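Topology and contacts: notes
Chain by chain, the residues:
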Amino acid sequence: EGLAVGEMARVADRFQAVVLYEHCVQKFREGLKVGNVVVRLVQAHDSGLEVLQEAAMSFFEANAVVFQREAMATVNVLEHRPDLIKLFPHLMAVLGSVIATMSAENAELKARVAGEAASAGT
């Protein structure tokens, strides 16, 4: 489905069929899932449409925590695409950033809970 939508979007863009193009882009976005986002990112790259690449990357960034938990193995698809190996460091940087943010938030929460417990004990 993603490949077909991406190809249709490319053709619609080429023939300036704006309504069809926008529909295809929306369908591409709606089809993004944690388990298929890397494959769809590859398809978006192959389509040559920046809007699809941005949609896939934005979805990845917004769902990085769930991706890290549930779909890390799907990054292996990049092994077969040396031309896209540059995506790997970016994906890992996004994951690292999200994990660092989560760690900082957890430390803040622990400190707040410990402070509240100390206040309640006095």
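Procedures and definitions
Residues numbered from 1 in each chain as written. Predicted model: local features only at pLDDT ≥ 70, side-chain atom pairs only at ≥ 80, totals over all residues. Heavy atoms only, no water. Core = buried A, V, L, I, M, F, W, Y, C linked by side-chain atoms within 4.5 Å. Buried < 20%, exposed > 50% of the residue type's maximum accessible area, 1.4 Å probe, protein only. Helix = DSSP H or I, 4+ residues; strand = E, 2+ residues; numbered from the N terminus. Contact = heavy atoms within 4.5 Å. Axes fitted to C-alpha atoms, helices over the stretch in contact; angles between N-to-C directions. Parallel < 35°, antiparallel > 145°, perpendicular 65-115°, else oblique. Left-handed = near helix turned anticlockwise from the far one by under 90°. Nonpolar A, V, L, I, M, F, W, Y, C, P; charged D, E, K, R; others polar. Expected span 1.5 Å × (residues − 1). Salt bridge = Lys/Arg side-chain N within 4 Å of Asp/Glu carboxyl O.

Ranked by size, the top nonpolar core spans 30 residues in total, and within it Phe28, Val38, Leu52, Phe60, Phe67, Leu78 and Leu91 carry the most contacts. Looking at this core, the elements that each hand over two or more residues are α1 (2-14), α2 (18-30), α3 (37-47), α4 (50-62), α5 (64-70) and α6 (87-121). Those residues within four positions of Phe67 in sequence are excluded, and the remaining contacts are Val34, Val37, Val38, Phe60, Met72, Thr74, Val75 and Leu95.

Moving on to the packing of α3 against α4. Contact geometry for α3 and α4: axes closest at 8 Å, N-to-C directions at 160°. Taken as axis vectors, α3 and α4 run roughly antiparallel relative to one another. Here α3 runs over α4; the crossing is left-handed. Contact with α3, carried on its side by Val37, Arg40, Leu41, Ala44, His45 and Ser47, involves Leu52, Gln53, Ala56, Met57, Phe59 and Phe60 of α4 and no other residues of that element. Taken together, the residues that form the contact of α3 with α4 break down as eight nonpolar, three polar and one charged.

A word on α6. Taking 1.5 Å of rise per residue, 35 residues should cover 51 Å, and α6 covers 51 Å from first to last C-alpha, within 8% of that figure. Listed as buried for α6 are Leu87, Leu91, Val94 and Leu95.

Take the environment of Leu109 next. Note on placement: Leu109 falls in helix α6. In this structure Leu109 comes out as partly exposed when scored by relative accessible area, which is 42%. With 69 residues separating them along the chain, Leu109 and Arg40 place their C-alpha atoms 36 Å apart.

Let us now look at the pattern of salt bridges. Taken as a whole, this structure holds four salt bridges when the rule is applied. Among the salt bridges present, the one from Asp46 reaches Arg81, with a minimum N-O distance of 2.7 Å. In this pair, Asp46 sits in helix α3 while Arg81 sits in the loop between α5 and α6, placing the two residues 35 residues apart along the sequence. Each of Asp46, Arg81 and Asp83 takes part in salt bridges that share partners, so that together they form one network.

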